[in-house]
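Take a look at the letters that make up each chain.
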Amino acid sequence: MRKPDSKIVLLGDMNVGKTSLLQRYMERRFPDTVSTVGGAFYLKQWRSYNISIWDTAGREQFHGLGSMYCRGAAAIILTYDVNHPQSLVELEDRFLGLTDTASKDCLFAIVGNKVDLTEEGALAGQEKEKCSPDTDAGDCVSPRVPKQVQLEDAVALYKKILKYKMLDEQDVPAAEQMCFETSAKTGYNVDLLFETLFDLVVPMILQQRAERPSHTVDISSQKPPKRTRPGCCA
Ligand SMILES: Nc1nc2c(ncn2[C@@H]2O[C@H](COP(=O)(O)OP(=O)(O)OP(=O)(O)O)[C@@H](O)[C@H]2O)c(=O)[nH]1
Ligand SMILES: [Mg+2]
């Protein structure tokens, strides 16, 4: 397997839908999931680059592993559930600190998932009817409720992160570009999320390559060392 050129990590509380988002994007489906243990990754080829996308466990007991998964990451997807305000609070309180091991110019996306469960989901083009007993589970949506976390709350968190990382708003992508509302269930905005990040990460790969010192030695210009005492190896 080729070494990945870059790394993207999904972080966020348990049950917000990290695994489901990744499976929706990589496998184009919304399977039943079990709560993640530790972490797992997919390799995505984007243009001629290999990007690893890491799914992490949101459960408190795996918290200690988070900073290890973030090491060297080029982008981090901070995921919350639009129906659970506490999951947004947790991003700041519990997960942001884990990102200190990421690359110094790491990008942040903030993603509010499960928008299909909200009344606003209907406005986002998710017009499917409520489940009926004979409807396939994957084809139905649950009764909708007003959205509990607004996109502006995510934008405010994005700006706080920039302050925490001491980054200038002018040097990073705008909050409006990096805050998403998604549904792993319907696929709403899922491609947009991942592919926006891939497009932003590619120039970072190119820059790293340009900065990396060359390890190639031109042996044709090397003269053999002079031997002072022939035959002696001491
Ligand atoms: N309605 C709806 N349900 C979702 C969506 N995304 C995930 N779910 C459901 O939410 C539950 C948790 O999803 P996971 O993807 O396992 O959540 P996770 O963030 O990976 O959780 P951990 O692995 O425990 O950290 C599952 O029952 C999913 O089917 C979504 O967009 N809409
Ligand atoms: Mg999971």
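Residues numbered from 1 in each chain as written. Chains lettered and ligands numbered in written order. Predicted model: local features only at pLDDT ≥ 70, side-chain atom pairs only at ≥ 80, totals over all residues. Heavy atoms only, no water.

Checked against the element boundaries, T196 lands in helix α7 (residues 190-211). Those residues in contact with T196, other than ones at most four positions away along the chain, are Q177, F180 and D191. (Helix = DSSP H or I, 4+ residues; strand = E, 2+ residues; numbered from the N terminus. Contact = heavy atoms within 4.5 Å.)

Time to look at the coordination of the magnesium ion (ligand 2). For a metal bound by four donors in tetrahedral geometry, the ideal donor-metal-donor angle is 109.5 degrees, whereas six donors in octahedral geometry ideally sit at 90 or 180 degrees. Only T19 (OG1) and T36 (OG1) from the protein coordinate the magnesium ion (ligand 2), and they sit 2.0 Å from it. Separated by 17 residues along the polypeptide, T19 in helix α1 (residues 18-27) and T36 in the loop between α1 and β2 (39-46) bring together distant segments of the chain. Pair check on accessibility: T19 and T36 agree, each one buried. (Donors = N, O, S within 2.8 Å, 3.2 Å for Na, K, Ca; no water. Buried < 20%, exposed > 50% of the residue type's maximum accessible area, 1.4 Å probe, protein only.)

For helix α3 (residues 85-95), the set of buried residues is S87, L88, E90, L91, R94 and F95. Axial view of α3: buried residues confined to an arc of 160°, hence all on one face. Lining the buried residues of α3 we find β1 (6-12), β4 (75-81), β5 (107-113) and α5 (151-164). (Arc of directions from axis to C-beta.)

Summed over all chains, the structure comprises 11 salt bridges. Two residues, R209 and D5, come together in a salt bridge whose shortest N-O distance is 2.9 Å. You can see R209 sitting in helix α7 and its partner D5 sitting in the segment before β1, a full 204 residues away along the chain. Residue classification places D5 among the buried positions, given a relative accessible area of 15%. With its nearest N and O atoms 3.1 Å apart, the salt bridge here joins E92 to K160. Of the two residues, E92 sits in helix α3 while K160 sits in helix α5, which places them 68 residues apart along the sequence. Look at E92 and you get partly exposed, because its relative accessible area is 33%. Overall, the relative accessible area of 46% leaves K160 in the partly exposed class. (Salt bridge = Lys/Arg side-chain N within 4 Å of Asp/Glu carboxyl O.)

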